[in-house]
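Read off the chains here:
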Amino acid sequence: MNLASVGGVLGVLAISLGTLGVHGLGGRMSEQAQGWWETGTMYLLVHAVAVLALGLADKDWHRAGWFFAPGAAIFAGTLYAMALGGPRWLGAVTPVGGTLMLFGWGAVFILGMVKSRSS
């Protein structure tokens, strides 16, 4: 699967899970769980768009997207699992996803600097 397609899958998941959280689970979750759900959805959607954009860019930019995709999935996935009653220790895994997303943004920054110097 190419990176742009991965971005599309992440986007479908973000919209579907966000809708589920509001319409299917709304009122059944604690306020804290609802906050986890909303945070997971926001980060998943933002990074789905970033993965899609990087997937449509030239291949130099793809590395950043391959950090974003698993990072967003891990970050949001652990928050969704905890919101649904999963073990709280998953909160210790959530930063792994956040770190991967930071690496992705760092890769965007570094490649942007390299490309600006070469133009």
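Since we're looking at a predicted model, the values are computed, not measured.

Considerations on the pattern of salt bridges
Then comes step 1: In the structure shown here, the tally under the stated rule is two salt bridges.
Then comes step 2: With a shortest N-O distance of 2.8 Å, Asp60 and Lys115 are connected by a salt bridge. One end of the pair, Asp60, is in the loop between helix H2 (31-56) and helix H3 (62-83); the other, Lys115, is in helix H4 (residues 94-118), and 55 residues separate them in sequence.
Then comes step 3: Given the relative accessible area of 26%, Lys115 is considered partly exposed.
Then comes step 4: Salt bridges sharing common partners tie together Asp58, Asp60 and Lys115.

Details of helix H1 (residues 3-24)
Then comes step 1: End to end, H1 covers 30 Å across 22 residues, agreeing with the expected 32 Å (1.5 Å per residue, within 8%).
Then comes step 2: Listed as buried for H1 are Leu3, Ala4, Val6, Gly7, Leu10, Gly11, Ala14, Gly18 and Gly21. One side of H1 holds all its buried residues, which, seen down the axis, span an arc of 150 degrees. Away from its buried face, by an angle of more than 90 degrees, H1 presents the exposed residues Val12 and His23.
Then comes step 3: Buried residues along H1 sit against H2 and H3.
Then comes step 4: A side-chain oxygen of the first residue of H1 lies 3.2 Å from the backbone nitrogen of Ala4; this N-cap is Asn2.

Parameters and conventions
Residues numbered from 1 in each chain as written. Predicted model: local features only at pLDDT ≥ 70, side-chain atom pairs only at ≥ 80, totals over all residues. Heavy atoms only, no water. Salt bridge = Lys/Arg side-chain N within 4 Å of Asp/Glu carboxyl O. Helix = DSSP H or I, 4+ residues; strand = E, 2+ residues; numbered from the N terminus. Buried < 20%, exposed > 50% of the residue type's maximum accessible area, 1.4 Å probe, protein only. Expected span 1.5 Å × (residues − 1). Arc of directions from axis to C-beta. Contact = heavy atoms within 4.5 Å. Polar contact = N/O pair within 3.5 Å; in protein donor to acceptor, adjacent residues only side chain to side chain.

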